Structure formats: C-alpha cells, structure tokens
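# Architecture and fold: a report
Residue strings, one per chain:
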Amino acid sequence: QVQLVEFGGGLVQPGGSLRLSCTASGIISFIYEMGWYRQAPGKQRELVASITRGGSTEYADSVKGRFTISRDNADNTVYLQMDSLRPEETAVYYCYVDRFPRPARAAHDYWGQGTQVTVSS
C-alpha cells in the first residue's frame, strides 16, 4: 500500500507564497516521476509541474518563472514552491507519483488526497 500525504495548503494573499510538500510512504522503492496537478471549481484538473528522478522538470506555461518544483529522492518527497500567487490559482492541488515512465495517456500510479490553496485578500 502506497500513500501520498500532502502538506502546505492554506490561505494566502495575492502576490504571496506557499510551499507544498508531498511524501510517498509504503512499499515503494523507486519513483521515476513526481508532480502536481490542480483543479479549480468547475474546471478540469490541469498539470502544474513535474520532475523526474534525474531532476528534469516541466511546468505549465502559466506558472513558469513563479513556481519551482523540487524533490528529495531519499525521502520520496516532492515540493512545490509557489510565488506571486494569483486569485485564479485558487484550487485543490494534488500530487502524484509514477514508478516508471508511462505513456502520455496512461493514468498516474498514485495520487495524494489534495490540499486546498486559496488566494484571496
């Protein structure tokens, strides 16, 4: 059984920062890719950022230059540093892990429970 536990959501003012973390625990010895999605009310879930075991990263165009994804392979933890947050980025943020490289349309292996991020004054 693998569990992903997320921390770091909350309420922040526009222009502020938050740091999310997600730790994978259980019977999992190798993680290829980790990342974050978000889902705002009434909208589809969208990929925010991803990072491979080797450190290659990808970001949604809307967050480039403001968000930074990183990971600690020893602790199976992924982080998302979010700066200059905007109200439209209010959403539930979900982490995921993939044990191996997957085809583009395949589902991710494991998901976190989600953490609420609210950007409001």
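This report concerns the structure included in the present document. Everything numeric in this text was worked out from a predicted model, so none of it was measured. (Residues numbered from 1 in each chain as written. Predicted model: local features only at pLDDT ≥ 70, side-chain atom pairs only at ≥ 80, totals over all residues. Heavy atoms only, no water.)

Time to look at the nonpolar core. Trp36, Val48, Phe67, Val78, Leu80, Met82 and Tyr93 are the most contacted members of the largest nonpolar core, which has 29 residues in total. Going through the elements one at a time, β1 (2-7), β3 (18-26), β4 (33-39), β5 (46-52), β7 (67-72), β8 (77-82), β9 (91-98) and β11 (115-119) are the ones with two or more residues in this core. (Core = buried A, V, L, I, M, F, W, Y, C linked by side-chain atoms within 4.5 Å. Buried < 20%, exposed > 50% of the residue type's maximum accessible area, 1.4 Å probe, protein only. Helix = DSSP H or I, 4+ residues; strand = E, 2+ residues; numbered from the N terminus.)

To continue, consider the pairing of β3. Here β1 pairs with β3 via 6 bridges, running antiparallel. The residue bridging Glu6 from the neighbouring strand is Cys22, located in β3. One ladder, built from 6 bridges, connects β3 with β8; its direction is antiparallel. Residue pairing in the sheet places Thr23 in a bridge with Thr77 of β8. (Pairing = 2+ DSSP bridges.)

The way to describe two aromatic rings as a pair is by their centre distance and the angle between their planes. Under the criterion given, the structure shown has 4 aromatic pairs. Between Tyr37 and Tyr96, the ring centres sit 5.5 Å apart and the planes meet at 65°, which makes this aromatic pair edge-to-face. Taken together, the residues span a long stretch of sequence, with Tyr37 in strand β4 and Tyr96 in strand β9 at a distance of 59 residues. Classification of Tyr37 by relative accessible area gives buried; the value is 14%. By relative accessible area, Tyr96 is classed as buried at 1%. (Phe/Tyr/Trp six-rings, centres within 6.5 Å; stacked < 30°, edge-to-face > 60°.)

When you line up the elements, Arg38 lands in strand β4. By relative accessible area, Arg38 is classed as buried at 7%. Among the polar contacts made by the side chain of Arg38, one reaches the side chain of Glu46 at a distance of 2.6 Å. At 3.3 Å, the side chain of Arg38 forms a polar contact with the side chain of Glu89. With near-sequence residues (within four places) excluded, Arg38 lies in contact with Gln44, Arg45, Glu46, Val48, Ser62, Val63, Phe67, Glu89, Ala91, Val92 and Tyr93. (Polar contact = N/O pair within 3.5 Å; in protein donor to acceptor, adjacent residues only side chain to side chain. Contact = heavy atoms within 4.5 Å.)

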